[in-house]
Amino acid sequence: MMKFLTAWLVLLLAAPAAWAIEAELGFDDPAMNERYRTLLREIRCPKCLNTSIADSDAPIAADLRREVHQKMEEGYGDEEIIAFLVSRYGEFVVYRPPLQPSTWALWGGPVALLGIGGFVFMRILKDRSKRPLDEDSIS
Amino acid sequence: MWRYAIPLVFIAVLGGFLYRGLYLNPGYIPSPLVGQPAPEFSLPSLKEPEREVGSDDFAGKLALLNVWATWCIGCRQEHAYLLELSRTSGVPIYGLNWKDDRDAALDWLATLGDPYVATAYDPLGDVAIDWGVYGAPETFLIGRDGTVLHKHIAPLTPEIWQRDFLPKIREECGSLPCPLVEGE
């Protein structure tokens, strides 16, 4: 029984190492390899919600890793590879969508919200500074 | 007045977005290939490995390209309907067998019936990447000039055929069977 439990424990501890997706492929050249890893983290797996193809164990992610590897070997640049994948899978696969009419709200939203928030904040400050200090406001 | 109006408007807008979000399918990715020329390919035939099957086979024809595999449950669901379409619709169906085992795939066609004019065998999924395939079953409608007219992800059903495919087919060629482009 004890042996069984120990075996279980060892398995449990070892599991996370097995879960981590080691990209099967790589490059001997460290710079190239670094480029490859970076690129994999930039591309979102189409089948799995919000996992990059570097982190996903879905078969399609493995295929896309192989595709990226192959395209790099053929001498394609990062942008060309990303453009190819976008032409096939759509903007979905990039984490940094380009600035275009359909993404204006996405890119502009945070700035607009910050602006509105700042405006409201300034107004509140102005209102407050006009009000005379009284005992109640100092609590 | 303002003090209440701004938060209310804000909540209404946010609520509107969230409400809409309830009915969106986050797994659905619109294909950028629709309206674009279909990617060319040539692969060994599933049934006759020495023969090539590819985009040349449906050049000049209105055709369906159905991506399937024996490990795909949705493919089994739609199989009977594909058989029906192959008999009644007048649109030739080509198969792309994706990341599958040849023997299993042949067995599937022998047992369940073969709706395909020809099936290309893509065990590594290279051609599938070129077509932006990410989950079987997927069905492409390809026009006579080789343009992708429509892409459907998930099993094909009579409702979807009526709603999504038939209007596109009518637009492309009036009535079925679709006349071939002259000179092809």
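Quick notes on the rules
- Residues numbered from 1 in each chain as written.
- Chains lettered and ligands numbered in written order.
- Predicted model: local features only at pLDDT ≥ 70, side-chain atom pairs only at ≥ 80, totals over all residues.
- Helix = DSSP H or I, 4+ residues; strand = E, 2+ residues; numbered from the N terminus.
- Rg over C-alpha atoms; globule rule 2.2 N^0.38 Å.
- Buried ≥ 20, exposed ≤ 12 C-beta atoms within 10 Å, placed from the backbone.
- Contact = placed C-beta atoms within 7 Å.
- Domains from an automatic or database assignment.
- Nonpolar A, V, L, I, M, F, W, Y, C, P; charged D, E, K, R; others polar.
- Pairing = 2+ DSSP bridges.
- Axes fitted to C-alpha atoms, helices over the stretch in contact; angles between N-to-C directions.
- Core = buried A, V, L, I, M, F, W, Y, C linked by C-beta atoms within 7 Å.
- Right-handed = clockwise from strand over helix to strand, strands pointing away.

A.B. asks: For the overall build of chain B, give the residues involved together with the corresponding values.
C.D. replies: Secondary structure summary: chain B contains five helices and seven strands in total. The C-alpha atoms of chain B give 20 Å as radius of gyration, which overshoots the globular expectation for 184 residues (16 Å, by more than 25%). For chain B, the C-alpha atoms occupy an extent of roughly 75 × 40 × 25 Å along the three principal directions. A burial count over chain B gives 33% of its 184 residues as buried. Sequence separation of 24 or more characterises 73% of the internal contacts of chain B that already satisfy a separation of 6 or more.

A.B. asks: Tell me about the domain arrangement of chain A, and please be specific about residues and values.
C.D. replies: Here chain A is described as being made up of domain 1 (21-97) and domain 2 (99-131). For domain 1 of chain A and domain 2 of chain A, the distance between their C-alpha centroids amounts to 36 Å.

A.B. asks: Give a detailed account of the interface of chain A and chain B, specifying residues and quantitative values.
C.D. replies: On the side of chain B, 13 residues touch chain A, which itself brings 13 residues to the contact. A total of five residues in the side of chain A that touches chain B trace back to one element, the largest contributor, which is helix α3 (residues 59-73) of chain A. Along the lines of polarity and charge, the residues of the side of chain A that touches chain B split into seven nonpolar, two polar and four charged.

A.B. asks: Describe the sheet that holds strand β7 (residues 148-153) of chain B, and please don't skip the residues or the numbers.
C.D. replies: Residue and element names in this part refer to chain B. On the basis of which strands lie adjacent, the open sheet formed by five strands has the order β5-β4-β3-β6-β7 and mixed pairing. If you trace the sheet from one side to the other, it starts and ends with β5 (118-122) and β7, each paired once. Sheet twist, expressed as the average angle between the axes of neighbouring strands with direction ignored, equals 20 degrees. The pairing of strand β3 (residues 63-68) with strand β6 (residues 138-142) spans five bridges and is antiparallel. Looking across to β6, one finds that Val-67 is bridged to Glu-138.

A.B. asks: Could you give me a rundown of the nonpolar core, with the residues and numbers involved?
C.D. replies: All names here are of chain B. Counting residues in hydrophobic clusters, the biggest one holds 56 residues, and the most contacted among them are Ala-63, Leu-64, Trp-98, Ala-128 and Ile-142. In terms of residue count, the dominant contributor to this core is β3 (five residues). Filtering out sequence-adjacent residues up to four positions away, Ala-63 remains in contact with Phe-58, Val-91, Pro-92, Tyr-94 and Ile-142.

A.B. asks: Any chance you could break down the pairing of β5(B) for me, citing the residues and the numbers?
C.D. replies: All names here are of chain B. In terms of burial, β5 is largely enclosed, as four of its five residues are buried. Pairing between strand β4 (residues 93-98) and β5: five bridges, direction parallel. In the strand pairing of β5, Leu-96 is matched with Ala-120. Since β4 and β5 lie parallel, the crossover through helix α3 (residues 102-112) that links them has a hand, and here it is right-handed.

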